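Below, each chain spelled out in residue letters.
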Amino acid sequence: KPLAGVQFKIWRDGVLLGDYTTDENGRIEIKNAPAGTYKVQEIATLKEYILNDEVLEIEHTTDKDTEQLIENTKRPGLLIKKV
């Protein structure tokens, strides 16, 4: 399901564009983004999920929109059962 409130750092061609936060649809959209090599790194997530701080590289051209799906993993729970 889409996650709102997850924070990312985004770079283009080695220059930090800034910190971005996913909206209520789990999306970050940079309109009219120039072509280039983008790097995206998750820097904060919801407490029930495991932070995925891997830096992802995205090649973007101006021919069409570029999409990158980033999946999150929920933290495993602990169940204690007495019978």
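Provided above is the structure to which this section pertains.
Scope of this entry: the structure provided in the associated data block. This is a predicted model, so every value here is computed, not measured.

### As for the pattern of salt bridges
This model, assessed by the stated rule, comprises four salt bridges. Ionic pairing is found between K9 and D19, a salt bridge with its closest N-O pair at 2.9 Å. In this pair, K9 is assigned in strand β1 (residues 7–12) and D19 in strand β2 (residues 15–21), connecting sequence segments ten residues apart. Between D13 and R12 there is a salt bridge, with its nearest N and O atoms 3.7 Å apart.

### Digging into the pairing of β2
Across six bridges, the pairing between β1 and β2 is antiparallel. Paired with R12 across the strands is V15, a residue of β2. Between β1 and β2, which follow one another and run antiparallel, lie two residues, and D13 among them has a positive phi close to 50°.

### Focus: the sheet that holds β1
One open sheet holds the four strands; their spatial order is β2-β1-β3-β5, and the pairing between them is antiparallel. Taken across any chain shown, the strands that pair with only one partner, and hence form the sheet edges, are β2 and β5 (56–60). The sheet shows a mean angle of 25° between the axes of neighbouring strands, direction not considered. Pairing geometry for β1 and strand β3 (residues 36–44), over six bridges, is antiparallel. Residue pairing across strands places K9 opposite Q41, the latter belonging to β3.

### Thoughts on the side chain of T22
Residue placement: T22 occurs in the loop between β2 and β3. Classification of T22 as buried rests on a relative accessible area of 9%. Engagement of the side chain of T22 in a polar contact is seen with the backbone oxygen of L3, the distance being 2.7 Å. Here G5 takes part through its backbone nitrogen, which lies 3.1 Å from a polar atom of the side chain of T22. Other than its neighbours up to four places away in sequence, T22 contacts L3, A4, G5, V6, F8, R27 and I28.

### Focus on the nonpolar core
Most often, soluble globular proteins keep nonpolar side chains buried together rather than apart. Core analysis: the biggest nonpolar cluster contains nine residues, these being L3, V6, F8, I10, A33, Y38, V40, Y49 and I58. Ignoring sequence-local partners within four residues, the contact set of V6 consists of Y20, T21, T22, E42, A44 and T45.

### Digging into unusual backbone geometry
Note on backbone geometry: most residues besides glycine have negative phi, and most peptide bonds are trans. With a phi close to 50°, D13 is a non-glycine residue in the positive phi region. On the basis of relative accessible area, D13 is assigned to the partly exposed category, the value being 47%. Positive phi, close to 55°, is recorded for N32, a residue that is not glycine. Here N32 shows up in the loop between β2 and β3. Classification of N32 as exposed rests on a relative accessible area of 80%.

What counts, and at which threshold
Residues numbered from 1 in each chain as written. Predicted model: local features only at pLDDT ≥ 70, side-chain atom pairs only at ≥ 80, totals over all residues. Heavy atoms only, no water. Salt bridge = Lys/Arg side-chain N within 4 Å of Asp/Glu carboxyl O. Helix = DSSP H or I, 4+ residues; strand = E, 2+ residues; numbered from the N terminus. Pairing = 2+ DSSP bridges. Axes fitted to C-alpha atoms, helices over the stretch in contact; angles between N-to-C directions. Buried < 20%, exposed > 50% of the residue type's maximum accessible area, 1.4 Å probe, protein only. Polar contact = N/O pair within 3.5 Å; in protein donor to acceptor, adjacent residues only side chain to side chain. Contact = heavy atoms within 4.5 Å. Core = buried A, V, L, I, M, F, W, Y, C linked by side-chain atoms within 4.5 Å.

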